[in-house]
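What follows is each chain in one-letter form.
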Amino acid sequence: MDFFLYLCGRFRKQFIHIIIMDILQQMIARAKAHPQRIVLPEGDEPRTLEAANILLRDKIADLILIGDPEKIKGMAAEKGYEHIGEAKIIDPLHDPKMPEYAKLLFELRKAKGMTEEEAAKKAQDPLYLGCLMIKAGDADGELAGARGTTADTIRPAFQILKTRPGCSIVSGAFLMFTPAKHLGENGFLLFADCAVNPNPDAKQLAEIAVSTAETARAIAGIEPRVAMLSFSTKGSAKHELVDKVAEATKLAKEMAPELAIDGELQADAALIESVAATKAPGSPVAGKANVLVFPDLQAGNIGYKLVERFSGADAVGPILQGIAAPVNDLSRGCKVQDIVQMVVITANQAIK
């Protein structure tokens with residue numbers, strides 16, 4: 001029995017690896033075909049530098065590293081990262097375009113009381129500089145967070161780039177690679193919001209649904225089928241929390257009439273065809289959802305972690321969505337592979 005369980009575990013891991021590699025290879029191919037300028041504000045962070053060398057070697061993106069050029073080149077030489085010379089390195093203290101970026105920041109923030117002197121100093125912060133480069137049209141996306149907090153990464157994006165037109169909220173989606181081939185898209189699903197908003201209202205929840213559908217198309221290249229999750233299916237329970245999800249579903253359909261979306265749905269009705277046939281007959285989504293939108297952050301965060309731990313799924317993310325340009329956040333415990341994958345994802349968001 002132990003050997004049987006061992007074989008099952010190995011098969012599950014191999015299957016998930018195949019799904020991940022297939023989707024990742026598709027994203028890499030898109031990134032190579034349409035090179036994007038991705039800023040890495042933590043240019044002298046060791047894992048970031050190693051990932052940058054891999055990305056440049058494989059010609060996946062045109063990278064911009066922010067930091068002291070001599071320090072970055074010295075670290076690269078010491079480690080034998082021979083491709084770092086192909087990156088553009090921006091020195092926030094001496095780059096000739098810094099006055100332009102400072103002026104841009106001042107114009108964007110003077111109504112909030114920022115002075116020209118404060119803007120000049122703040123523009124030298126790599127996280128602010130990365131967003132200013134995107135705003136000025138000198139870059140297409142940004143990835144940071146190996147050293148700092150999520151708030152450190154998101155704050156400049158809010159202040160400089162703001163949210164995309166028609167969206168008032170930033171959310172976080174996870175790519176879920178599961179061994180359950182009969183669920184989602186051959187075992188692949190997107191979960192949101194699992195990272196940012198504690199208690200979105202109906203309009204915000206609708207925006208999260210539309211944003212996550214767009215992420216499904218941009219990142220995974222799949223046609224989204226979005227389930228708005230609740231503890232009720234089609235009025236089976238009466239509660240104000242159910243009403244919020246039902247209203248969000250209505251609003252999301254108005255925002256994106258072409259989108260396959262339905263709710264409110266319980267998780268089993270969203271995922272299992274036999275259950276959907278009983279609880280939501282005729283639904284275009286029930287029983288075959290590949291995007292799950294949770295009603296609040298508690299449910300989303302708990303949900304993705306339960307799936308990850310109980311099923312042995314791989315969770316990739318969070319992918320930030322709703323910002324006017326791609327800005328993504330890393331965990332401070334990230335690995336080099338995580339940085340490579342997130343640059344690929346950021347590039348694919350920029351392409352869309």
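Heads up: the structure comes first, above all this text.
Overview of the structure. (Residues numbered from 1 in each chain as written. Predicted model: local features only at pLDDT ≥ 70, side-chain atom pairs only at ≥ 80, totals over all residues. Heavy atoms only, no water.)

Another point: the pairing of strand β5 (residues 171-177). Burial of β5 is extensive: seven of the seven residues sit out of reach of the surface. In β5, alternate side chains face the same way, and those of S171, A173, L175 and F177 on one face and G172, F174 and M176 on the other are all buried. Pairing of β5 with strand β10 (residues 314-321), which is carried by six bridges, proceeds in the antiparallel orientation. Bridge assignment links G172 to a residue of β10, and that residue is L320. In this sheet, strand β6 (residues 188-192) lies alongside β5 in antiparallel orientation, the contact comprising four bridges. From the neighbouring strand, F177 faces β6, where its bridge partner is F188. (Buried < 20%, exposed > 50% of the residue type's maximum accessible area, 1.4 Å probe, protein only. Helix = DSSP H or I, 4+ residues; strand = E, 2+ residues; numbered from the N terminus. Pairing = 2+ DSSP bridges.)

Moving on to the pattern of salt bridges. If you walk through the whole model with that rule in mind, you get 17 salt bridges. For E100, the salt bridge identified is with K97, shortest N-O distance 3.9 Å. For K110, the salt bridge identified is with E107, shortest N-O distance 3.0 Å. Looking at E107, the relative accessible area reads 41%, which means it is partly exposed. Here the salt bridges do not stand alone but share partners, grouping D44, K71 and R147 into one network. (Salt bridge = Lys/Arg side-chain N within 4 Å of Asp/Glu carboxyl O.)

Looking now at the sheet that holds β5. Spatially, β8-β7-β9-β6-β5-β10 is the arrangement adopted by the six strands of the open sheet, whose pairing is mixed. Only two strands of the sheet have a single neighbouring strand rather than two, namely β8 (260-265) and β10. Each strand of the sheet is rotated relative to its neighbour by a mean of 20 degrees, with strand direction disregarded. Sheet topology note: the β6/strand β9 (residues 291-293) ladder contains three bridges and is parallel. Residue L190 lies in a different strand from β9, and its bridge partner there is V291. In the packing of helix α8 (residues 202-220) onto the sheet, contacts are made with β5, β6, β7 (225-229), β8, β9 and β10, and the angle to β6 comes to roughly 150 degrees. (Axes fitted to C-alpha atoms, helices over the stretch in contact; angles between N-to-C directions. Contact = heavy atoms within 4.5 Å.)

This brings us to the packing of helix α4 (residues 98-109) against helix α6 (residues 126-135). Relative orientation of the contacting elements α4 and α6 amounts to 85 degrees, with a least axis distance of 10 Å. Classified by the angle their axes make, α4 and α6 are roughly perpendicular. Contacts from M98, Y101, L104, L105 and L108 in α4 reach Y128, L129, L132, M133 and K135 in α6. (Parallel < 35°, antiparallel > 145°, perpendicular 65-115°, else oblique.)

We now examine the packing of helix α2 (residues 46-57) against helix α13 (residues 336-351). Put simply, α2 and α13 touch, their axes get as near as 8 Å, and they point 55 degrees apart. Judged by the inter-axis angle, α2 sits oblique to α13. By crossing handedness, the relation of α2 to α13 is classed as right-handed. Residue-level inspection shows R47, T48, E50, A51, I54 and L55 of α2 in contact with α13, the latter providing V336, I339, V340, V343 and V344. Residues belonging to the contact of α2 with α13 are distributed by class as follows: eight nonpolar, one polar and two charged. (Left-handed = near helix turned anticlockwise from the far one by under 90°. Nonpolar A, V, L, I, M, F, W, Y, C, P; charged D, E, K, R; others polar.)

It is generally the case that most residues other than glycine have a negative phi and that most peptide bonds are trans. Between A192 and the following residue, D193, the backbone shows a cis peptide bond with an omega angle of -20 degrees. Residues G263 and E264 are joined by a peptide bond in cis, for which omega reads -5 degrees. Position of E264 among the secondary structure elements: in strand β8. In this structure, K162 takes a positive phi of about 65 degrees despite not being glycine. As for its position among the elements, K162 is in the loop between α7 (150-161) and β5. Owing to a relative accessible area of 41%, K162 belongs among the partly exposed residues under this scheme. Despite not being glycine, K234 has its phi angle at roughly 50 degrees, a positive value. Along the chain, K234 falls in the loop between β7 and α9 (240-255). With relative accessibility at 42%, the residue K234 sits in the partly exposed group.

Here the focus is the nonpolar core. Core analysis: the biggest nonpolar cluster contains 65 residues, and L63, I84, L175, V226 and M228 have the highest contact counts within it. If we ignore the near neighbours within four places in the chain, the residues touching M228 are L205, A209, V245, A248, T249, I261, D262, G263, E264, L265 and V293. Membership of the second largest hydrophobic core comes to 28 residues, among which are A102, M114, A123 and M133. (Core = buried A, V, L, I, M, F, W, Y, C linked by side-chain atoms within 4.5 Å.)

Once that is clear, we can look at the packing of aromatic side chains. For the coordinates displayed, the defined rule picks out three aromatic pairs. Look at F174 and Y304: their rings are 4.0 Å apart centre to centre, the planes differ by 20 degrees, and that puts the pair in the stacked class. Separated by 130 residues along the polypeptide, F174 in strand β5 and Y304 in helix α12 (residues 297-311) bring together distant segments of the chain. Of the two residues examined, F174 and Y304, each falls in the buried class. Taking the centre distance of 5.0 Å and the plane angle of 45 degrees together, the rings of F177 and F188 count as tilted. Remark: F188 occurs in strand β6 and F177 occurs in strand β5; sequence separation between them is eleven residues. (Phe/Tyr/Trp six-rings, centres within 6.5 Å; stacked < 30°, edge-to-face > 60°.)

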